[in-house]
Amino acid sequence: MPILELLKNIYEPLASFFFFTHFTNLSPSSPVSISTTYRSTRRHKSEMQNHTEITLFILRGLTDDPQLQILIFIFLFLTCMLSVIGNLTIITLTLMDHHLKTPMYFFLRNLSFLEFSVTNTYIPRYLYSMSIGDNTIFRNACFIQMFFGILFGATDFFLLATMSYDRYVAICKPLHYTSIMNNRICNQLLLGCWLTALMIILPPLSLGLQLEFCDSNVIDHFGCDAFPLLEIVCSDTKLIEMMVLFCAVFTLIITLVLVLLSYGYIIRTILRFPSVQQRKKAFSTCSSHIIVVSMTYGSCIFQYLKLSTNDGVALNKVVSMLTVSIIPSVNPFIYSLRNKQVIQAFKDSVKRITFFLKH
């Protein structure tokens, strides 16, 4: 090792001297000495190392007030439990009950899986950090959390658009519903949702992995999200900010247009029904989905509208928290309480469990 260090100390000044004399037209008698060049090279290396030294981030969270943190902890814990129990119940019922083997419940099962995944990507980690007072997260873990959070969220939007198409086929083309929405088509549509979301988020994420963090390691958020993370980057972020915003707006607009087109045809078809009872029954099959779509798109649009305001950071954190906690916890109840088949399947499951426990 001493020999290697000696060779290194001899080589680096000579290499720097050679570079400056041959590529910057400096002669050996130039005022720039070897020692000055050597120190400049070492300082440049030190600065580059400082840009890549940050491997640990600090998540600021929602508030620093201890009393308010207790209320937030209780609130998030309850909503997280509701989300887990409600979505797992929907997943179990649609898998076990033979009455819930239609395409609508197939997509509902996958939506519940996405809602369950979104909640568990952010909320348990935040609850853990509040309980022990450790707000740090490793860089790799931060990017993994951001990747899955954005992937689940983007897939959620495409799945909502697919569910709108399913309702369109069921109401506008009822005689061809079973042939159009067969198992193969349903699986292809689901796979398309995942692959489309993945292809949209990969380009900005691949650029994000190459970013350098040097000014600060404090993320003003309760989880790792794209825009709060870009605020602490010391390199130029104009390109990646434009890519992130374009991907988000593209996903939002494309899926929203598909939803509006589907429900436009649905409303036009329903209004042609001669019976009021038929209209009410047709609208009731779409009401739950319309409520979920309104909450999901409404919260997302509100976030992006508030990005440029002064109080946008605080509002976006609150809306993000509601998006990953409240919406996933109420969606199962919206679909179940307004659906007689789900309620009946739940009652049958309770009866079977009770009978099994008694015997």
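Quick caveat, the model's predicted, so the values are computed rather than measured.

A. Seen up close, the overall build of the protein. In terms of helices and strands, the protein carries twelve helices and three strands. Within the protein, the proportion of its 359 residues that are buried is 40%. The long-range share in the protein, meaning contacts at least 24 apart out of those at least 6 apart in sequence, stands at 76%. As presented, the protein carries roughly 20700 Å² of accessible surface, and 68% of it is formed by carbon and sulfur atoms.

B. A look at the side chain of T155. Positionally, T155 belongs in helix α5 (residues 139-172). The residues touching T155, leaving out its near neighbours within four places in the chain, are L114, C193, W194 and A197.

C. Looking closely at the nonpolar core. If you look at the biggest cluster of nonpolar residues, it comprises 80 residues, and the most contacted ones within it are F57, L76, L159, F213, I219 and L229. The dominant element in this core, judged by the number of residues it contributes, is α5, at 16 residues. In this structure, F57 is in contact with N135, T136, I137, R139, C142, F213, N217, I219, L229 and I232, ignoring residues within four places of it in sequence.

D. Spotlight on the packing of aromatic side chains. Using the criterion set out here, one finds eleven aromatic pairs in the structure. A centroid spacing of 5.6 Å and a plane angle of 45 degrees characterise the contact between Y126 and F222, whose relative ring orientation is tilted. With Y126 in helix α4 (residues 103-132) and F222 in the loop between β3 (218-219) and α8 (226-230), this residue pair connects regions lying 96 residues apart in the sequence. With a relative accessible area of 4%, F222 lands in the buried category. With a centroid separation of 5.8 Å and 55 degrees between ring planes, the pair formed by Y168 and Y265 is classed as tilted. Taken together, the residues span a long stretch of sequence, with Y168 in helix α5 and Y265 in helix α9 (residues 238-270) at a distance of 97 residues. In this structure Y265 comes out as partly exposed when scored by relative accessible area, which is 40%. An aromatic cluster of three or more residues is present, and its members are F147, F148, F152 and W194.

E. Spotlight on the sheet that holds β3. With mixed pairing, the three strands of this open sheet are ordered in space as β2-β1-β3. With partners counted over all chains shown, the strands left at the sheet margins are β2 (136-138) and β3, one partner each. Both strand β1 (residues 56-59) and β3 contribute to a ladder of two bridges, which runs parallel. The residue of β3 that forms the bridge with L59 is I219. Docked against the sheet, α5 engages β1, β2 and β3, running at close to 85 degrees with respect to β2.

F. Seen up close, α4. Taking 1.5 Å per residue as the helical rise, α4 with its 30 residues ought to reach 44 Å, and the 44 Å between its terminal C-alpha atoms agrees with that figure. At N120, α4 shows its maximal kink, close to 35 degrees; a proline, P124, follows between one and four residues later. The buried count for α4 comes to 22 of 30 residues, which makes it a mostly enclosed element.

G. Inspection of the pairing of β1 at higher detail. Residues F57 and L59 point to one face of β1 and are all buried, whereas L56 and I58, pointing to the other face, are not buried. Here β1 pairs with β2 via three bridges, running antiparallel. Among the inter-strand pairings, F57 is bridged to a residue of β2, identified as I137.

Conventions used here
Residues numbered from 1 in each chain as written. Predicted model: local features only at pLDDT ≥ 70, side-chain atom pairs only at ≥ 80, totals over all residues. Heavy atoms only, no water. Helix = DSSP H or I, 4+ residues; strand = E, 2+ residues; numbered from the N terminus. Buried < 20%, exposed > 50% of the residue type's maximum accessible area, 1.4 Å probe, protein only. Contact = heavy atoms within 4.5 Å. Areas by Shrake-Rupley, 256 points an atom, 1.4 Å probe, with all protein chains shown as cover. Core = buried A, V, L, I, M, F, W, Y, C linked by side-chain atoms within 4.5 Å. Phe/Tyr/Trp six-rings, centres within 6.5 Å; stacked < 30°, edge-to-face > 60°. Pairing = 2+ DSSP bridges. Axes fitted to C-alpha atoms, helices over the stretch in contact; angles between N-to-C directions. Expected span 1.5 Å × (residues − 1). Bend = angle between axes of the 7 residues up to and from the residue.

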